[in-house]
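# Coordinate inspection notes
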Amino acid sequence: MNIQFQICGLSILFLLILFYKSHKTLPLYKERVFYAVLRIITVSLMADVLSLAAIRYRQSMPLLLVETICKSYIVTSIWGAWSALIYVLTDIVTEKKHKKITGRFILLLTAQSLIVYLLPIYIYENGNQVYTYGPSIIWVYICVALYIIATVTITCVYRKKDQSQDPVCNRSVDAYLDGKRGDSVFKQCAFDRRICQCNRGHDPVCDHGKSGEKSGAQTGML
């Protein structure tokens with residue numbers, strides 16, 4: 001049973017989790033999403049080791065149990081690809097909208113996972129070569145590929161859009177590269193971002209200010 005790579009991966013992930021938990025950080029929403037991604041990847045690697053052990057000792061275990069363990073591992077692969085997409089979306093949408101999108105995706109993931117358990121899976125073992133194949137594996141490949149394509153596409157599109165729609169920040173970067181003081185430009189960039197978010201309705205501070213202005217205007221009219 002060759003599990004050296006899985007053990008190395010688990011060791012690195014446990015060190016990352018230990019480092020993350022030992023340092024106090026602000027309770028930001030993106031930080032919580034990142035920690036959830038780490039846990040999903042850790043569970044996926046642990047399921048990988050468990051599936052290899054189940055295949056190795058499948059002669060003394062019920063076949064249904066072995067297949068269920070193997071399917072559980074490939075299900076975590078789908079969840080791992082999905083977690084990467086969800087983490088990328090934290091930089092694009094607001095926290096409220098992100099939670100709504102995550103809830104809808106969980107329903108989709110549940111359906112995709114059920115399909116994996118319903119489809120058959122087969123086991124191949126020849127010396128150190130151990131792998132699973134069949135319709136359930138093909139279905140997982142399709143789901144993972146779609147999530148990866150969506151993640152890469154959203155990242156590229158958002159990056160181009162963010163660079164093209166923020167010339168003030170681009171000027172601040174140019175000023176920094178030229179060795180000039182760009183503090184005032186950076187402040188202007190932050191101010192322009194706040195105005196942009198306010199106009200789009202994504203800034204709760206601006207929304208609160210607008211509501212206060214409306215209530216004050218109504219009071220003046222009365």
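Scroll up for the structure.
Described below are features of the structure shown in this document. Keep in mind it's a predicted model, so treat the numbers as computed, not measured.

Procedures and definitions
Residues numbered from 1 in each chain as written. Predicted model: local features only at pLDDT ≥ 70, side-chain atom pairs only at ≥ 80, totals over all residues. Heavy atoms only, no water. Patch = residues over 30% accessible without salt bridge, like charges linked within 9 Å, V, L, I, M, F, W, Y side chains within 5 Å. Areas by Shrake-Rupley, 256 points an atom, 1.4 Å probe, with all protein chains shown as cover. Salt bridge = Lys/Arg side-chain N within 4 Å of Asp/Glu carboxyl O. Lys, Arg positive; Asp, Glu negative; His and termini not counted. Charge placed at Lys NZ, Arg CZ, Asp CG, Glu CD. Helix = DSSP H or I, 4+ residues; strand = E, 2+ residues; numbered from the N terminus. Buried < 20%, exposed > 50% of the residue type's maximum accessible area, 1.4 Å probe, protein only. Core = buried A, V, L, I, M, F, W, Y, C linked by side-chain atoms within 4.5 Å. Contact = heavy atoms within 4.5 Å. Phe/Tyr/Trp six-rings, centres within 6.5 Å; stacked < 30°, edge-to-face > 60°. Lys NZ or Arg CZ within 6 Å of the ring centre and 35° of its normal. Expected span 1.5 Å × (residues − 1). Axes fitted to C-alpha atoms, helices over the stretch in contact; angles between N-to-C directions. Parallel < 35°, antiparallel > 145°, perpendicular 65-115°, else oblique. Left-handed = near helix turned anticlockwise from the far one by under 90°. Nonpolar A, V, L, I, M, F, W, Y, C, P; charged D, E, K, R; others polar. Pairing = 2+ DSSP bridges.

### Re a positive patch on the surface
A contiguous patch of positive charge on the surface is contributed by Lys96, Lys97, Lys100 and Arg104. Its location among the elements puts lysine 100 in helix H4 (residues 95-118). Judged by its relative accessible area of 49%, lysine 100 is partly exposed.

### Description of the nonpolar core
With 25 residues, the main nonpolar core has Ile78, Trp82 and Tyr147 as its most contacted residues. Top element by residues in this core is helix H3 (residues 63-89). It accounts for 11 residues. Once residues lying within four places of it in the same chain are set aside, the contact partners of isoleucine 78 are Leu109, Gln112, Val116, Val140, Cys143, Val144 and Tyr147. Listed in part, the 10 residues of the second largest apolar core include Ile3, Leu13, Ile17 and Leu38.

### Quick look at the environment of tyrosine 141
Residue placement: tyrosine 141 occurs in helix H5 (residues 135-164). In this structure the C-alpha to C-alpha distance between tyrosine 141 and isoleucine 74, which are 67 residues apart in sequence, comes to 9.3 Å.

### Here we look at the environment of leucine 52
Residue placement: leucine 52 occurs in helix H2 (residues 29-56). The sequence separation of leucine 52 and cysteine 70 amounts to 18 residues, and the corresponding C-alpha distance is 8.1 Å.

### A look at the packing of aromatic side chains
On inspection of all chains with the given rule, the structure shows six aromatic pairs. On the numbers, 5.6 Å between centres and 40° between planes, the contact of tyrosine 122 with tyrosine 133 is tilted. Taken together, the positions of tyrosine 122 in strand S1 (residues 122-126) and tyrosine 133 in strand S2 (residues 129-133) put the pair 11 residues apart, joining distant regions of the chain. Sitting above the plane of the tyrosine 57 ring, arginine 56 keeps its charged end 5.3 Å from the centroid.

### Some details on H4
Under the 1.5 Å per step criterion, the end-to-end length of H4 is 35 Å for 24 residues, consistent within 8% with the ideal 34 Å. For H4, every residue scored as buried is listed here: His98, Thr102, Phe105, Leu109, Gln112, Ser113 and Val116.

### Some remarks on a nonpolar patch on the surface
There is a patch of nonpolar side chains on the surface, built from Tyr122, Tyr131 and Tyr133 and spanning about 320 Å² of accessible area. With respect to the helices and strands, the residue tyrosine 131 is situated in strand S2.

### Comments concerning the pattern of salt bridges
Inspection of every chain in the model, using the stated rule, returns three salt bridges. When the shortest N-O distance is used, the salt bridge between glutamate 95 and arginine 32 registers 3.7 Å. Remark: arginine 32 occurs in helix H2 and glutamate 95 occurs in helix H4; sequence separation between them is 63 residues. Note on glutamate 95: relative accessible area 37%, which makes it partly exposed. A salt bridge links lysine 99 to glutamate 95; its shortest N-O distance comes to 3.3 Å. Of this pair, lysine 99 and glutamate 95 both sit in helix H4, separated by four residues, roughly a single helical turn. Lysine 99 gets classed as partly exposed once you look at its relative accessible area, which sits at 45%. The structure contains a network of salt bridges with shared partners spanning Arg32, Glu95 and Lys99.

### A look at the packing of H2 against H4
Packing of H2 against H4 leaves a shortest axis separation of 11 Å and a crossing angle of 25°. The pairing of H2 with H4 is recorded here as roughly parallel in orientation. The interaxial crossing formed by H2 with H4 has left-handed handedness. Every residue of H4 that contacts H2 at Tyr29, Arg32 and Val33 is listed here: Glu95, His98, Lys99 and Thr102. Class assignment for the residues of the contact of H2 with H4 results in two nonpolar, two polar and three charged.

### Some remarks on the pairing of S2
With five bridges joining them, S1 and S2 adopt antiparallel strand pairing. Note on S2: the bridge partner recorded for asparagine 126 is glutamine 129. Taken together, S1 and the strand that follows it, S2, pair antiparallel across an intervening segment of two residues, in which glycine 127 is found at a positive phi of about 70°.

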